[in-house]
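Breakdown of the fold
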Amino acid sequence: MPRSSWLCSSWLFGPALSLCLMPFAAMAQTPPDCAKPSSRADRTICASADLKVAAEDVATLLRDTLGNTPVEGRDAIERAQKAFLAERDGACADASAIPACRALYEKRAADLAAQNSSAQKKLSAIVAGIPKDAKAAAAVLQRHNGAPAKAWLVYLYQSGAVAVPDKDATVRRLVDEILNQDLPKDPYLHEEMANLGDVPGAPLGTLLLFLRHVLSTTEMDAPCFLFTKHGQPAFEAFGAFWGNARDETPGLCTPPSSVFDLPEWKTVSAHMDPAIEPALVERGSIRHGYERQFEVDDLQASMVPSTLLESPMSAEARKMAEQRGKAVTAFRSWDDFEVWPEKEYRAALHALPSAITATSKIYREKFKLNPQTADQAAKAAADRFIAGRLGLIMPDD
């Protein structure tokens, strides 16, 4: 075993292990310094815009793959990288060999991407074990040095799921490493991270939003236990945020079953979709924000329906609730039949009570809500369903 790996494995599980893993971040190869290229291969790469991008991509993938791989599994990745660099120094030494050099980089990038994807799936399996044994999951996460593992440790420590000595200092160090070492060079993401302020001193909703932003740079999904455990703050944190294609990530867990898959809701959808689908296309990239909120509303109505009756917590959520109220009011007196034909509107209006009744039944039988609460939650679910879609075809304020 290499001495660096032995040193890390000799630590007791705890904050010290994260410290011992820090040098691995420096092992990731950096692209050539094109201000002072030091070799013939570097000069070839620096002379080609495509190769410079390829070198940066490989460096980023290597950093992420190492970070998402536990310490004991990194030797093979490092050996493969050394072999790649040796082959690159030969293949890229001649400027006339740019196509062969590019192909070499593309192959290395594909290999690293596959390894990184596999590593993230293993991380997701570790995270899935948090509800059963948070302490054991933390011990395994501490053997990783990438942003996802650190963000989950921040969550575990800050939420109190796992006790750690000097919690504030440990969380601050992890947050600082994520922000300054581990995240992609994305100015918009860094700006939003900065807007979160002091994560260790922030409320739960901010902690969950921090986790959401980090996971959005990965292939990892937000697991269901975040929503069943934290309810409203989690649904707000993982809802529509960017209002563009960025809202596609991170992925959300799939509920065991969806209330909106009930036949009664399918009937309502059949009378709304002909008006809604063209509007989604017309919205361009903004459609992703709407679709994200559809997913979150579905998740909330299907997994923790009682939270539909809770007051919104963040300023953005309160604004969204106000917009929902306007959309529900517009639905009850809809008259723009050029956008949504009257026949389809009347059919949806007629089908809605049956959908609410079927939903209330599930809330009583499956979630054990009392009849009054079940009825209220079912109506709230209907408001989410109708308002989210109607917002697409209502005039902008």
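Please refer to the structure higher up on the page.
Residues numbered from 1 in each chain as written. Predicted model: local features only at pLDDT ≥ 70, side-chain atom pairs only at ≥ 80, totals over all residues. Heavy atoms only, no water.

A closer look at the state of the cysteines
Note the cut-off: Working definition: a disulfide is two cysteine sulfur atoms within 2.5 Å of each other. Segments assigned H or I by DSSP are reported as helices when at least four residues long, segments assigned E as strands when at least two residues long, and all are numbered from the N terminus. Residue burial is assigned from relative accessible area. The probe radius is 1.4 Å, only protein chains are included, and a residue is buried under 20% of its type maximum, exposed over 50%, and partly exposed in between.
All told, the structure shown has 3 disulfides when counted by the stated rule. Covalent S-S linkage joins C34 and C46, the inter-sulfur distance amounting to 2.1 Å. Taking the torsion about the sulfur-sulfur bond, which here is approximately -85 degrees, the covalent link between C34 and C46 counts as left-handed. Of the two residues, C34 is situated in the loop between α3 (23–27) and α4 (40–46) and C46 in helix α4; the sequence distance between them amounts to 12 residues. Among the residues examined, C46 registers a relative accessible area of 16% and is labelled buried. Residue pairing for C224: its cysteine sulfur links by disulfide to C253, the two sulfurs lying 2.0 Å apart. One quick way to see it: the torsion about the S-S bond of C224 and C253 is about 105 degrees, and its sign makes the bridge right-handed. Taken together, the residues span a long stretch of sequence, with C224 in helix α13 (residues 224–230) and C253 in the loop between α14 (232–237) and α15 (263–282) at a distance of 29 residues. When its relative accessible area of 21% is taken as the criterion, C224 is described as partly exposed. Overall, the relative accessible area of 12% leaves C253 in the buried class. Here the cysteine-cysteine linkages of the protein are recorded as 1-2, 3-4, 5-6, numbering only bonded cysteines and doing so in sequence order.

Observations regarding the packing of aromatic side chains
Cut-off, in case you're wondering: Pairing of aromatic side chains here covers Phe, Tyr and the six-membered ring of Trp, requires ring centres within 6.5 Å, and sorts the geometry by plane angle: under 30 degrees stacked, over 60 edge-to-face, intermediate tilted. Counting as a charge over the ring demands two things of the Lys NZ or Arg CZ atom: a distance within 6 Å of the ring centre and an angle within 35 degrees of the ring normal.
In total, this model carries 15 aromatic pairs according to the counting rule given. With centroids separated by 5.3 Å and ring planes inclined at 75 degrees, the aromatic side chains of W340 and Y345 adopt a geometry described as edge-to-face. When sorted by exposure, W340 lands in the same class as Y345, which is buried. Pairwise contacts between aromatic rings join F331, W334, F337, W340 and Y345 into one cluster. One cation-aromatic arrangement involves R389 over F385; the distance from NZ or CZ to the ring centre is 3.8 Å.

With respect to the pattern of salt bridges
So the rule is basically this: We count a salt bridge whenever a side-chain nitrogen from Lys or Arg sits within 4 Å of a carboxyl oxygen from Asp or Glu.
Under the definition given, this model contains 16 salt bridges. D64 is paired through a salt bridge with R63; the nearest N and O atoms lie 2.9 Å apart. Overall, R63 belongs to the partly exposed group, its relative accessible area being 21%. Between R384 and D297 there is a salt bridge, and its shortest N-O distance comes to 3.1 Å. On the criterion of sequence distance, the pair formed by R384 in helix α19 (residues 371–393) and D297 in helix α16 (residues 287–303) is long-range, its members being 87 residues apart. Residues R384 and D297 agree in their burial class; the two are buried.

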